[in-house]
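Residues per chain are reported as follows:
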Amino acid sequence: QVQLAESGGGLVQAGGSLRLSCVASGRTFSSYVMGWFRQAPGKEREFVAAISESSAVTDYADSVKGRFTISRHNANNTVHLQMNGLKLEDTAVYYCGSSYRRSVATVRIRGMDTWGQGTLVTVSS
């Protein structure tokens, strides 16, 4: 089982950009579907983006499609979320997650097996 550590959150003005990173421990990173979820205050955790083991398949929530890009680098056990055109409603704690058993399509609905501690993204007007 991997352990995950996110970084890159912070305060940004609406329309700005941030790049989140997630570093995973373990030797089998390339065997995991990776993804990002977020949780805004008072709301449930929601799917943002996911990427397959080889980067061949990606999936995005409709609310971020065209603005966010997920990528991974198996050689150094990292997954990134590039966030452009940030909106006030993107304010949330962003969680990196991994799944060994589920597909990209499944994690969107059923979530991840393992989560990081989260990183806060605050978008101001």
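Residues numbered from 1 in each chain as written. Predicted model: local features only at pLDDT ≥ 70, side-chain atom pairs only at ≥ 80, totals over all residues. Heavy atoms only, no water.

Novice: In this structure, what is going on with the state of the cysteines? I would like to understand it.
Specialist: Cysteine pairs can be linked by a disulfide, which is a covalent bond between their two sulfur atoms. Per the stated rule, a full pass over the model turns up one disulfide. A disulfide bridge connects C22 with C96, and the sulfur atoms are separated by 2.1 Å. Linking C22 and C96, the disulfide has an S-S dihedral of approximately -80 degrees and is accordingly described as left-handed. Of the two residues, C22 is situated in strand 3 (residues 18-24) and C96 in strand 9 (residues 92-99); the sequence distance between them amounts to 74 residues. Given a relative accessible area of 0%, C22 falls into the buried group. When its relative accessible area of 0% is taken as the criterion, C96 is described as buried. (Disulfide = S-S within 2.5 Å. Helix = DSSP H or I, 4+ residues; strand = E, 2+ residues; numbered from the N terminus. Buried < 20%, exposed > 50% of the residue type's maximum accessible area, 1.4 Å probe, protein only.)

Novice: Just checking my understanding: could you explain the packing of aromatic side chains for this structure?
Specialist: Two numbers describe a pair of aromatic rings. These are the distance of the centres and the angle of the planes. Scanning the entire structure with this criterion turns up three aromatic pairs. When the ring of Y32 is compared with that of Y100, the centres are 5.4 Å apart and the planes differ by 55 degrees; the resulting orientation is tilted. Of the two residues, Y32 is situated in the loop between strand 3 and strand 4 (33-39) and Y100 in the loop between strand 9 and helix 1 (104-110); the sequence distance between them amounts to 68 residues. Given the relative accessible area of 9%, Y32 is considered buried. (Phe/Tyr/Trp six-rings, centres within 6.5 Å; stacked < 30°, edge-to-face > 60°.)

Novice: Would you mind going over the pattern of salt bridges with me for this structure?
Specialist: Oppositely charged side chains can pair when the atoms bearing their charge come close. Enumeration according to the criterion identifies seven salt bridges in this entry. Taking the shortest distance from any N to any O, the salt bridge between R38 and E46 comes out at 2.7 Å. Residue R38 is classed as buried on the basis of its relative accessible area of 5%. For E46, a relative accessible area of 36% translates into the label partly exposed. The closest approach of N and O atoms between D90 and R67, which form a salt bridge, is 2.7 Å. Remark: R67 occurs in the loop between strand 6 (58-60) and strand 7 (68-73) and D90 occurs in the loop between strand 8 (78-83) and strand 9; sequence separation between them is 23 residues. Residue classification places D90 among the buried residues on the basis of a relative accessible area of 0%. Among the charged side chains, a network of salt bridges with common partners joins R38, E46, R67 and D90. (Salt bridge = Lys/Arg side-chain N within 4 Å of Asp/Glu carboxyl O.)

Novice: Help me understand the environment of Q3, please; the structure alone is not making it clear to me.
Specialist: By secondary structure assignment, the location of Q3 is in the segment before strand 1 (4-7). Sequence separation of Q3 and T114 is 111 residues, and the distance between their C-alpha atoms is 7.5 Å. When neighbours within four sequence positions are excluded, Q3 is seen to be in contact with V23, A24 and S25. (Contact = heavy atoms within 4.5 Å.)

Novice: Sorry if this is basic, but what is going on with the side chain of H80 here?
Specialist: Looking at the secondary structure, you find H80 in strand 8. Separated by 2.9 Å, the side chains of H80 and S21 make a polar contact. Once residues lying within four places of it in the same chain are set aside, the contact partners of H80 are R19, L20, S21, W36, T69, I70, S71 and H73. (Polar contact = N/O pair within 3.5 Å; in protein donor to acceptor, adjacent residues only side chain to side chain.)

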